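# Chain and residue survey
The chain contents come next:
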Amino acid sequence: MSSTFGNYLRVTTFGESHGGAVGAVIDGFPANIPLTAGVIQIQLDRRRPGQSSITTQRDEADTVEILSGVENGRSLGTPIALVVKNKDQRPNDYAITNTIPRPSHADYTYMIKYGVTAKSGGGRASARETVGRVAAGAAAEIFLREKFGVEIVAFVSSTGDVSVGVDSGCSVNSGDSSSKNRIDINTITRDIVDRNPIRCPDPQAAESMEKLIKRVRDDGDSIGGVITCVCRNVPAGWGEPVFQKLEAMLAQAMMSIPAAKGFEIGSGFAGAAMRGSEHNDPFTRGGGQCPPAAPLATKTNNSGGIQGGISNGAPIYFRVAFKPTATIGKEQITTDYQGNETVLKSAGRHDPCVTPRAVPVVESMAAIVLADMALRAGYN
Ligand SMILES: Cc1cc2nc3c(=O)[nH]c(=O)nc-3n(C[C@H](O)[C@H](O)[C@H](O)COP(=O)(O)O)c2cc1C
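All values derive from a computational prediction rather than experimental measurement.

## Describing the sheet that holds strand β13 (residues 260–265)
Taken together, 5 strands build an open sheet; the order of strands is β9-β8-β12-β18-β13 and the sheet is antiparallel. Each edge of the open sheet carries a strand with a single partner, namely β9 (162–163) and β13. Where β13 lies against strand β18 (residues 316–322), 5 bridges are found, and the strand directions are antiparallel. Along β18, the bridge assignment pairs A260 with F322. The strands touched by helix α8 (residues 355–376) are β8 (151–159), β12 (225–232) and β18; relative to β8, the strand with the most contacts, the crossing angle is about 145°.

Right, dumping it as C-alpha coordinates:
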(Lines give C-alpha, C1' and ligand atoms only; values in the text may rest on other atoms or scores of the structure.)
Protein backbone atom coordinates (compact mmCIF):
# COMPACT_ATOMS: atom_id res chain seq x y z
CA MET A 1 0.00 0.00 0.00
CA SER A 2 1.47 3.32 -0.95
CA SER A 3 1.39 5.64 2.00
CA THR A 4 3.78 8.19 0.51
CA PHE A 5 2.72 11.33 -1.37
CA GLY A 6 4.85 13.88 -3.24
CA ASN A 7 8.01 13.96 -5.34
CA TYR A 8 10.33 16.61 -3.90
CA LEU A 9 8.57 16.91 -0.55
CA ARG A 10 7.68 13.33 0.32
CA VAL A 11 5.15 12.73 3.09
CA THR A 12 4.63 9.22 4.47
CA THR A 13 1.81 8.70 6.97
CA PHE A 14 1.67 5.72 9.34
CA GLY A 15 -0.54 4.18 12.01
CA GLU A 16 -3.88 2.47 12.51
CA SER A 17 -6.98 3.92 14.13
CA HIS A 18 -6.82 1.88 17.33
CA GLY A 19 -3.09 1.03 17.31
CA GLY A 20 -0.37 2.73 19.36
CA ALA A 21 0.17 5.91 17.38
CA VAL A 22 -0.35 7.75 14.08
CA GLY A 23 1.88 10.30 12.39
CA ALA A 24 4.05 11.23 9.43
CA VAL A 25 7.62 11.31 8.19
CA ILE A 26 8.47 14.26 5.92
CA ASP A 27 11.50 13.84 3.68
CA GLY A 28 12.89 16.72 1.61
CA PHE A 29 11.72 19.49 3.94
CA PRO A 30 14.01 22.52 3.46
CA ALA A 31 16.50 23.48 6.15
CA ASN A 32 16.36 26.51 8.40
CA ILE A 33 12.58 26.97 8.47
CA PRO A 34 11.21 27.97 11.90
CA LEU A 35 9.21 24.97 13.15
CA THR A 36 7.83 23.99 16.55
CA ALA A 37 5.37 21.41 17.82
CA GLY A 38 3.23 24.33 19.03
CA VAL A 39 2.57 25.67 15.52
CA ILE A 40 1.77 22.19 14.16
CA GLN A 41 -0.55 21.64 17.13
CA ILE A 42 -2.77 24.57 16.08
CA GLN A 43 -3.90 22.72 12.93
CA LEU A 44 -4.14 19.36 14.74
CA ASP A 45 -6.49 20.94 17.29
CA ARG A 46 -8.78 22.00 14.44
CA ARG A 47 -8.89 18.37 13.20
CA ARG A 48 -9.11 16.57 16.52
CA PRO A 49 -12.20 14.55 17.43
CA GLY A 50 -14.46 15.58 20.30
CA GLN A 51 -14.03 19.30 19.59
CA SER A 52 -17.79 20.02 19.50
CA SER A 53 -21.15 18.31 19.89
CA ILE A 54 -21.42 17.75 16.13
CA THR A 55 -18.21 15.71 15.78
CA THR A 56 -17.36 12.19 16.90
CA GLN A 57 -17.08 11.95 20.69
CA ARG A 58 -13.84 9.94 20.56
CA ASP A 59 -11.70 11.93 22.98
CA GLU A 60 -8.14 12.46 21.73
CA ALA A 61 -5.87 15.36 22.67
CA ASP A 62 -3.79 14.58 19.56
CA THR A 63 -0.62 16.02 21.07
CA VAL A 64 2.18 16.00 18.50
CA GLU A 65 5.82 15.19 19.26
CA ILE A 66 8.64 16.03 16.86
CA LEU A 67 11.06 13.09 17.00
CA SER A 68 13.64 14.24 14.45
CA GLY A 69 14.64 16.82 11.87
CA VAL A 70 14.17 19.91 14.03
CA GLU A 71 16.53 21.47 16.57
CA ASN A 72 16.29 24.76 18.43
CA GLY A 73 13.06 25.59 16.61
CA ARG A 74 14.56 25.27 13.10
CA SER A 75 14.35 22.48 10.51
CA LEU A 76 17.64 20.71 9.82
CA GLY A 77 16.88 19.58 6.25
CA THR A 78 16.80 15.95 7.48
CA PRO A 79 13.67 13.72 7.72
CA ILE A 80 11.12 15.12 10.16
CA ALA A 81 9.22 12.46 12.14
CA LEU A 82 5.96 13.59 13.74
CA VAL A 83 4.08 11.26 16.09
CA VAL A 84 0.71 11.44 17.87
CA LYS A 85 -0.09 8.68 20.39
CA ASN A 86 -3.60 7.17 20.31
CA LYS A 87 -5.19 7.36 23.74
CA ASP A 88 -8.92 6.62 23.46
CA GLN A 89 -8.92 3.23 21.68
CA ARG A 90 -12.08 1.10 21.85
CA PRO A 91 -11.42 -1.73 19.39
CA ASN A 92 -14.32 -3.81 20.77
CA ASP A 93 -16.78 -1.29 19.29
CA TYR A 94 -15.78 -2.68 15.90
CA ALA A 95 -15.90 -6.48 16.59
CA ILE A 96 -18.98 -6.78 14.40
CA THR A 97 -17.03 -5.65 11.32
CA ASN A 98 -15.11 -8.98 11.44
CA THR A 99 -18.29 -10.70 10.32
CA ILE A 100 -20.30 -7.92 8.63
CA PRO A 101 -18.48 -5.39 6.42
CA ARG A 102 -19.88 -1.89 6.91
CA PRO A 103 -21.64 -0.69 3.74
CA SER A 104 -19.62 2.00 1.93
CA HIS A 105 -16.70 1.75 4.37
CA ALA A 106 -13.39 0.08 3.49
CA ASP A 107 -13.89 -3.18 5.46
CA TYR A 108 -14.87 -5.34 2.46
CA THR A 109 -12.31 -4.04 -0.06
CA TYR A 110 -9.43 -4.21 2.48
CA MET A 111 -10.42 -7.82 3.28
CA ILE A 112 -10.49 -8.72 -0.43
CA LYS A 113 -7.10 -7.09 -1.07
CA TYR A 114 -5.17 -8.12 2.06
CA GLY A 115 -7.11 -11.09 3.48
CA VAL A 116 -6.67 -9.50 6.90
CA THR A 117 -7.82 -6.21 8.41
CA ALA A 118 -6.69 -4.07 11.33
CA LYS A 119 -8.20 -5.22 14.59
CA SER A 120 -10.64 -2.39 14.67
CA GLY A 121 -12.21 0.76 13.43
CA GLY A 122 -11.13 1.01 9.81
CA GLY A 123 -7.36 0.77 10.49
CA ARG A 124 -5.71 2.90 7.80
CA ALA A 125 -9.12 3.78 6.31
CA SER A 126 -10.06 5.60 9.49
CA ALA A 127 -9.93 9.38 9.59
CA ARG A 128 -7.17 8.93 12.21
CA GLU A 129 -4.80 8.47 9.29
CA THR A 130 -5.40 12.15 8.46
CA VAL A 131 -3.55 13.16 11.67
CA GLY A 132 -0.30 12.51 9.77
CA ARG A 133 -1.48 14.55 6.79
CA VAL A 134 -2.44 17.50 8.98
CA ALA A 135 0.81 17.43 10.98
CA ALA A 136 2.90 17.30 7.78
CA GLY A 137 0.65 19.84 6.02
CA ALA A 138 1.02 22.28 8.92
CA ALA A 139 4.81 22.09 8.53
CA ALA A 140 4.57 22.51 4.73
CA GLU A 141 2.35 25.53 5.25
CA ILE A 142 4.85 27.21 7.57
CA PHE A 143 7.47 26.91 4.81
CA LEU A 144 5.05 28.36 2.20
CA ARG A 145 3.99 31.23 4.45
CA GLU A 146 7.51 32.06 5.62
CA LYS A 147 9.16 32.04 2.19
CA PHE A 148 6.34 33.09 -0.18
CA GLY A 149 3.53 34.59 1.92
CA VAL A 150 1.13 31.86 0.70
CA GLU A 151 -2.21 31.76 2.56
CA ILE A 152 -4.48 28.72 2.46
CA VAL A 153 -8.04 28.89 3.81
CA ALA A 154 -10.76 26.25 3.48
CA PHE A 155 -14.36 26.41 4.70
CA VAL A 156 -17.60 24.46 4.55
CA SER A 157 -19.67 25.84 1.68
CA SER A 158 -22.50 23.33 1.83
CA THR A 159 -24.02 20.70 4.10
CA GLY A 160 -26.78 18.58 2.62
CA ASP A 161 -29.02 21.03 0.74
CA VAL A 162 -27.87 24.13 2.68
CA SER A 163 -25.22 26.12 0.83
CA VAL A 164 -23.59 29.57 0.92
CA GLY A 165 -22.79 31.89 -1.97
CA VAL A 166 -19.11 32.22 -2.83
CA ASP A 167 -17.55 35.12 -4.76
CA SER A 168 -14.62 33.54 -6.51
CA GLY A 169 -13.92 35.77 -9.50
CA CYS A 170 -15.76 33.27 -11.71
CA SER A 171 -18.33 34.46 -14.26
CA VAL A 172 -20.75 32.08 -12.56
CA ASN A 173 -20.38 32.06 -8.79
CA SER A 174 -20.96 28.81 -7.00
CA GLY A 175 -23.43 28.05 -4.23
CA ASP A 176 -26.63 29.77 -3.25
CA SER A 177 -26.95 32.96 -5.33
CA SER A 178 -29.62 34.35 -2.97
CA SER A 179 -27.24 34.11 -0.02
CA LYS A 180 -26.91 37.52 1.71
CA ASN A 181 -23.45 36.96 3.12
CA ARG A 182 -21.48 35.85 0.08
CA ILE A 183 -18.03 34.58 1.00
CA ASP A 184 -15.23 36.49 -0.77
CA ILE A 185 -12.30 34.16 -1.40
CA ASN A 186 -9.92 37.14 -1.47
CA THR A 187 -10.58 38.11 2.13
CA ILE A 188 -11.75 34.99 3.97
CA THR A 189 -9.55 34.05 6.97
CA ARG A 190 -9.31 31.06 9.30
CA ASP A 191 -10.38 33.24 12.23
CA ILE A 192 -13.67 33.94 10.45
CA VAL A 193 -14.07 30.27 9.45
CA ASP A 194 -13.56 29.09 13.05
CA ARG A 195 -16.27 31.33 14.53
CA ASN A 196 -18.69 28.39 14.56
CA PRO A 197 -18.23 24.60 14.90
CA ILE A 198 -19.50 23.97 11.33
CA ARG A 199 -16.62 26.07 9.87
CA CYS A 200 -19.01 27.85 7.53
CA PRO A 201 -18.30 31.61 7.44
CA ASP A 202 -21.95 32.59 6.90
CA PRO A 203 -23.47 32.59 10.41
CA GLN A 204 -27.07 32.07 9.24
CA ALA A 205 -26.17 29.21 6.93
CA ALA A 206 -23.94 27.73 9.66
CA GLU A 207 -26.90 27.72 12.05
CA SER A 208 -29.10 25.88 9.52
CA MET A 209 -26.28 23.41 8.82
CA GLU A 210 -25.79 22.74 12.54
CA LYS A 211 -29.52 22.07 12.99
CA LEU A 212 -29.46 19.72 10.00
CA ILE A 213 -26.44 17.78 11.31
CA LYS A 214 -28.03 17.42 14.76
CA ARG A 215 -31.28 16.25 13.18
CA VAL A 216 -29.62 13.52 11.08
CA ARG A 217 -27.40 12.51 14.01
CA ASP A 218 -30.42 12.12 16.33
CA ASP A 219 -31.99 10.02 13.60
CA GLY A 220 -28.93 7.69 13.65
CA ASP A 221 -27.98 8.97 10.18
CA SER A 222 -25.29 11.09 8.49
CA ILE A 223 -25.02 13.81 5.83
CA GLY A 224 -22.48 14.98 3.23
CA GLY A 225 -21.16 18.39 2.25
CA VAL A 226 -18.73 20.48 0.22
CA ILE A 227 -15.52 22.24 1.26
CA THR A 228 -14.23 25.23 -0.74
CA CYS A 229 -10.51 26.04 -0.49
CA VAL A 230 -8.51 29.08 -1.65
CA CYS A 231 -4.71 29.38 -1.89
CA ARG A 232 -3.62 33.04 -2.16
CA ASN A 233 -0.25 34.57 -3.10
CA VAL A 234 0.90 31.45 -4.96
CA PRO A 235 3.59 32.80 -7.32
CA ALA A 236 2.91 32.51 -11.06
CA GLY A 237 4.92 29.68 -12.62
CA TRP A 238 4.48 26.78 -10.16
CA GLY A 239 3.36 23.48 -11.67
CA GLU A 240 4.10 21.03 -14.44
CA PRO A 241 2.74 20.95 -17.98
CA VAL A 242 1.55 17.38 -18.56
CA PHE A 243 0.84 14.47 -16.19
CA GLN A 244 1.71 16.31 -12.98
CA LYS A 245 -0.28 19.44 -13.72
CA LEU A 246 -0.85 21.48 -10.58
CA GLU A 247 -4.60 20.85 -10.74
CA ALA A 248 -4.00 17.13 -11.34
CA MET A 249 -1.83 16.94 -8.22
CA LEU A 250 -4.42 18.87 -6.22
CA ALA A 251 -7.14 16.54 -7.49
CA GLN A 252 -5.11 13.49 -6.49
CA ALA A 253 -4.35 14.97 -3.09
CA MET A 254 -8.00 15.88 -2.43
CA MET A 255 -9.45 12.63 -3.77
CA SER A 256 -7.08 10.71 -1.45
CA ILE A 257 -8.87 12.16 1.60
CA PRO A 258 -11.23 9.57 3.09
CA ALA A 259 -14.87 10.14 2.03
CA ALA A 260 -13.95 12.62 -0.77
CA LYS A 261 -16.15 11.96 -3.81
CA GLY A 262 -15.67 14.95 -6.11
CA PHE A 263 -13.18 17.67 -7.08
CA GLU A 264 -13.82 20.84 -9.09
CA ILE A 265 -11.38 23.64 -9.83
CA GLY A 266 -12.36 27.19 -10.85
CA SER A 267 -15.63 27.18 -12.77
CA GLY A 268 -15.60 23.37 -12.51
CA PHE A 269 -18.66 21.54 -13.83
CA ALA A 270 -20.56 24.84 -14.26
CA GLY A 271 -17.99 25.82 -16.92
CA ALA A 272 -19.22 22.98 -19.11
CA ALA A 273 -22.46 24.91 -19.70
CA MET A 274 -20.74 28.18 -20.67
CA ARG A 275 -19.48 29.76 -23.90
CA GLY A 276 -15.81 30.57 -24.43
CA SER A 277 -16.64 34.26 -24.62
CA GLU A 278 -18.05 34.10 -21.07
CA HIS A 279 -15.55 31.65 -19.71
CA ASN A 280 -12.22 33.05 -20.93
CA ASP A 281 -10.21 35.05 -18.40
CA PRO A 282 -8.99 38.13 -20.31
CA PHE A 283 -5.58 39.51 -19.37
CA THR A 284 -4.92 42.92 -17.97
CA ARG A 285 -1.73 44.60 -16.77
CA GLY A 286 -0.21 43.26 -13.51
CA GLY A 287 -1.61 44.23 -10.15
CA GLY A 288 -5.13 43.06 -9.43
CA GLN A 289 -5.02 39.45 -8.41
CA CYS A 290 -1.43 38.81 -9.49
CA PRO A 291 1.59 39.34 -7.26
CA PRO A 292 3.65 42.37 -8.41
CA ALA A 293 6.33 40.19 -10.01
CA ALA A 294 3.89 38.85 -12.63
CA PRO A 295 3.53 41.21 -15.62
CA LEU A 296 -0.10 40.28 -16.33
CA ALA A 297 -3.17 39.51 -14.26
CA THR A 298 -6.57 38.16 -15.31
CA LYS A 299 -9.84 40.08 -15.03
CA THR A 300 -11.87 36.99 -14.11
CA ASN A 301 -10.74 33.70 -12.61
CA ASN A 302 -12.75 30.90 -14.20
CA SER A 303 -9.46 29.00 -14.48
CA GLY A 304 -9.16 28.86 -10.69
CA GLY A 305 -5.62 30.24 -10.79
CA ILE A 306 -4.09 27.52 -12.99
CA GLN A 307 -3.65 27.38 -16.78
CA GLY A 308 -1.83 24.61 -18.61
CA GLY A 309 -1.05 22.96 -15.28
CA ILE A 310 0.90 26.03 -14.06
CA SER A 311 -0.18 28.71 -11.58
CA ASN A 312 -0.90 32.13 -13.13
CA GLY A 313 -0.70 34.18 -9.92
CA ALA A 314 -4.47 34.46 -9.34
CA PRO A 315 -5.96 32.77 -6.26
CA ILE A 316 -6.14 29.00 -6.72
CA TYR A 317 -9.52 27.81 -5.60
CA PHE A 318 -11.31 24.49 -5.71
CA ARG A 319 -14.13 22.52 -4.14
CA VAL A 320 -14.14 19.01 -2.66
CA ALA A 321 -17.37 17.02 -2.21
CA PHE A 322 -17.61 14.65 0.76
CA LYS A 323 -20.12 11.82 0.99
CA PRO A 324 -22.33 11.21 4.05
CA THR A 325 -20.38 9.29 6.74
CA ALA A 326 -20.57 5.55 6.07
CA THR A 327 -20.92 4.43 9.69
CA ILE A 328 -24.44 5.18 10.88
CA GLY A 329 -26.41 4.18 13.96
CA LYS A 330 -29.53 3.35 11.93
CA GLU A 331 -30.20 -0.32 11.13
CA GLN A 332 -29.09 -1.28 7.61
CA ILE A 333 -30.06 -4.44 5.78
CA THR A 334 -26.86 -5.84 4.28
CA THR A 335 -24.97 -9.13 3.85
CA ASP A 336 -22.24 -10.70 6.02
CA TYR A 337 -19.01 -12.28 4.74
CA GLN A 338 -20.78 -15.69 4.65
CA GLY A 339 -23.36 -14.33 2.21
CA ASN A 340 -26.25 -14.24 4.70
CA GLU A 341 -28.54 -11.26 4.62
CA THR A 342 -28.42 -9.57 8.00
CA VAL A 343 -29.16 -6.34 9.85
CA LEU A 344 -26.24 -4.12 10.87
CA LYS A 345 -26.55 -1.49 13.59
CA SER A 346 -23.12 0.04 14.01
CA ALA A 347 -21.69 0.75 17.44
CA GLY A 348 -18.66 3.00 17.72
CA ARG A 349 -18.35 6.74 17.69
CA HIS A 350 -18.54 8.53 14.41
CA ASP A 351 -18.91 11.94 12.79
CA PRO A 352 -22.48 12.61 11.59
CA CYS A 353 -20.87 14.86 8.94
CA VAL A 354 -17.14 14.77 8.14
CA THR A 355 -16.75 18.28 6.66
CA PRO A 356 -16.11 20.41 9.81
CA ARG A 357 -13.09 18.25 10.69
CA ALA A 358 -12.04 17.76 7.06
CA VAL A 359 -11.40 21.54 6.63
CA PRO A 360 -7.82 21.39 8.03
CA VAL A 361 -7.23 18.13 6.12
CA VAL A 362 -8.06 19.88 2.81
CA GLU A 363 -5.79 22.83 3.74
CA SER A 364 -2.99 20.43 4.68
CA MET A 365 -3.13 18.43 1.46
CA ALA A 366 -3.12 21.71 -0.52
CA ALA A 367 -0.03 22.84 1.44
CA ILE A 368 1.78 19.55 0.75
CA VAL A 369 1.10 19.86 -3.01
CA LEU A 370 2.16 23.53 -3.14
CA ALA A 371 5.32 22.96 -1.08
CA ASP A 372 6.24 20.11 -3.44
CA MET A 373 5.74 22.48 -6.40
CA ALA A 374 7.79 25.23 -4.71
CA LEU A 375 10.71 22.80 -4.34
CA ARG A 376 10.35 21.67 -7.98
CA ALA A 377 10.38 25.32 -9.01
CA GLY A 378 13.89 25.54 -7.61
CA TYR A 379 13.69 26.53 -3.92
CA ASN A 380 16.46 24.88 -1.92
C1 LIG B 1 -12.37 14.17 9.04
C2 LIG B 1 -13.01 12.87 8.66
C3 LIG B 1 -13.75 12.18 9.61
C4 LIG B 1 -14.34 10.96 9.29
N5 LIG B 1 -15.08 10.32 10.25
C6 LIG B 1 -15.69 9.14 9.92
C7 LIG B 1 -16.48 8.46 10.89
O8 LIG B 1 -16.63 8.90 12.03
N9 LIG B 1 -17.06 7.28 10.51
C10 LIG B 1 -16.95 6.76 9.25
O11 LIG B 1 -17.50 5.73 8.94
N12 LIG B 1 -16.21 7.40 8.33
C13 LIG B 1 -15.57 8.55 8.63
N14 LIG B 1 -14.81 9.18 7.69
C15 LIG B 1 -14.71 8.61 6.33
C16 LIG B 1 -14.05 7.24 6.24
O17 LIG B 1 -12.74 7.28 6.74
C18 LIG B 1 -14.10 6.78 4.77
O19 LIG B 1 -15.39 6.87 4.28
C20 LIG B 1 -13.64 5.35 4.61
O21 LIG B 1 -12.24 5.31 4.78
C22 LIG B 1 -13.93 4.74 3.23
O23 LIG B 1 -13.23 5.45 2.25
P24 LIG B 1 -13.96 6.21 1.06
O25 LIG B 1 -15.18 6.85 1.64
O26 LIG B 1 -12.97 7.24 0.62
O27 LIG B 1 -14.28 5.19 0.02
C28 LIG B 1 -14.19 10.41 7.98
C29 LIG B 1 -13.44 11.12 7.03
C30 LIG B 1 -12.84 12.33 7.37
C31 LIG B 1 -12.06 13.08 6.33
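## Quick word on the site of the ligand
A125, A127, P258, T327 and H350 are the nearest of the 21 residues found near the ligand. Among the elements that make up the shell around the ligand, the one with the highest residue count is α8 (3 residues). Here the shell around the ligand is built from residues that sort into 10 nonpolar, 8 polar and 3 charged.

## Things to note about the sheet that holds strand β3 (residues 21–27)
In sheet architecture, strand pairing relies on hydrogen bonds along the backbone and comes in two forms, parallel and antiparallel. Pairing is antiparallel in the open sheet, where 5 strands are placed in the order β1-β2-β3-β7-β4. Two strands bound the open sheet, and with one partner strand each, they are β1 (4–5) and β4 (64–68). One ladder, built from 6 bridges, connects β3 with strand β7 (residues 80–85); its direction is antiparallel. By the bridge assignment for β7, I26 is matched with I80. Where helix α1 (residues 37–47) meets the sheet, it contacts β4 and β7, and its direction lies at approximately 135° from that of β4.

## With respect to the packing of helix α3 (residues 130–148) against α8
Relative orientation of the contacting elements α3 and α8 amounts to 50°, with a least axis distance of 7 Å. With respect to α8, the element α3 is oriented oblique. For the element pair α3 and α8, the recorded crossing hand is left-handed. Seen from α3, the contacting residues are T130, R133, V134, A136, G137, A138, A140, E141, F143, L144 and F148; seen from α8, they are P360, V361, E363, S364, M365, A367, I368, L370, A371 and A374. Across the contact of α3 with α8, the residue classes tally to 15 nonpolar, 3 polar and 3 charged.

## So, the packing of α1 against α8
A packed helix pair is summarised by two numbers, namely the angle formed by the two axes and the spacing between the axes. Across the interface, α1 lies against α8 with an axial gap of 7 Å and an inter-helix angle of 140°. Of the possible angle classes, the one that applies to α1 and α8 is oblique. For the pair formed by α1 and α8, the contact residues are Q43, R46 and R47 on the first element and R357, V359, P360, V361 and S364 on the second. For the contact of α1 with α8, the class distribution of residues is 3 nonpolar, 2 polar and 3 charged.

## Notes on unusual backbone geometry
Residues apart from glycine generally show negative phi values, whereas peptide bonds are mostly found in trans. In this structure, D62 is a non-glycine residue whose phi angle is positive, near 55°. Looking at the secondary structure, you find D62 in the loop between α1 and β4. Residue class for D62 comes out buried when judged on the 21 C-beta atoms lying within 10 Å of it. Here A259, not a glycine, exhibits a phi torsion of approximately 80°, which is positive.

## Considering the pairing of strand β2 (residues 10–14)
By the alternation rule, side chains of β2 split into V11 and T13, which are all buried, and R10, T12 and F14, of which none is buried. As paired strands, β1 and β2 are joined by 2 bridges and run antiparallel to one another. Looking at β2, one finds that F5 is bridged to V11. In sequence, β2 turns back onto β3 through a hairpin of 6 residues, with G15 there showing a positive phi of about 110°.

## What to know about the nonpolar core
Among the nonpolar cores identified, the biggest contains 88 residues, and A135, A139, I227, V362, I368 and L370 are the most heavily contacted of them. Sorting elements by how many residues they give to this core places α8 first, with 13 residues. Excluding its chain neighbours within four sequence positions, the residues that come into contact with A135 are G23, A24, I40, L44, V64, L82 and V84.

## Description of the pairing of strand β19 (residues 332–335)
Here 4 bridges tie β19 to strand β20 (residues 341–344), and the two strands are oriented antiparallel to one another. Opposite Q332, over in β20, you have L344 as the bridge partner. Counting the residues between successive antiparallel strands, the hairpin from β19 to β20 contains 5 residues, one of them, G339, with a positive phi of roughly 90°.

## Quick word on helix α6 (residues 246–255)
All buried positions along α6 are accounted for by L246, E247, M249, L250, A253 and M254. The buried residues of α6 occupy an angular sector of 160° when projected down its axis, which confines them to one face. Taken together, the buried residues of α6 touch β1, β13, β16 (306–307), β17 (310–311), β18 and α8.

About the thresholds
- Residues numbered from 1 in each chain as written.
- Predicted model: local features only at pLDDT ≥ 70, side-chain atom pairs only at ≥ 80, totals over all residues.
- Pairing = 2+ DSSP bridges.
- Helix = DSSP H or I, 4+ residues; strand = E, 2+ residues; numbered from the N terminus.
- Contact = placed C-beta atoms within 7 Å.
- Axes fitted to C-alpha atoms, helices over the stretch in contact; angles between N-to-C directions.
- Near = placed C-beta within 6 Å.
- Nonpolar A, V, L, I, M, F, W, Y, C, P; charged D, E, K, R; others polar.
- Parallel < 35°, antiparallel > 145°, perpendicular 65-115°, else oblique.
- Left-handed = near helix turned anticlockwise from the far one by under 90°.
- Buried ≥ 20, exposed ≤ 12 C-beta atoms within 10 Å, placed from the backbone.
- Core = buried A, V, L, I, M, F, W, Y, C linked by C-beta atoms within 7 Å.
- Arc of directions from axis to C-beta.

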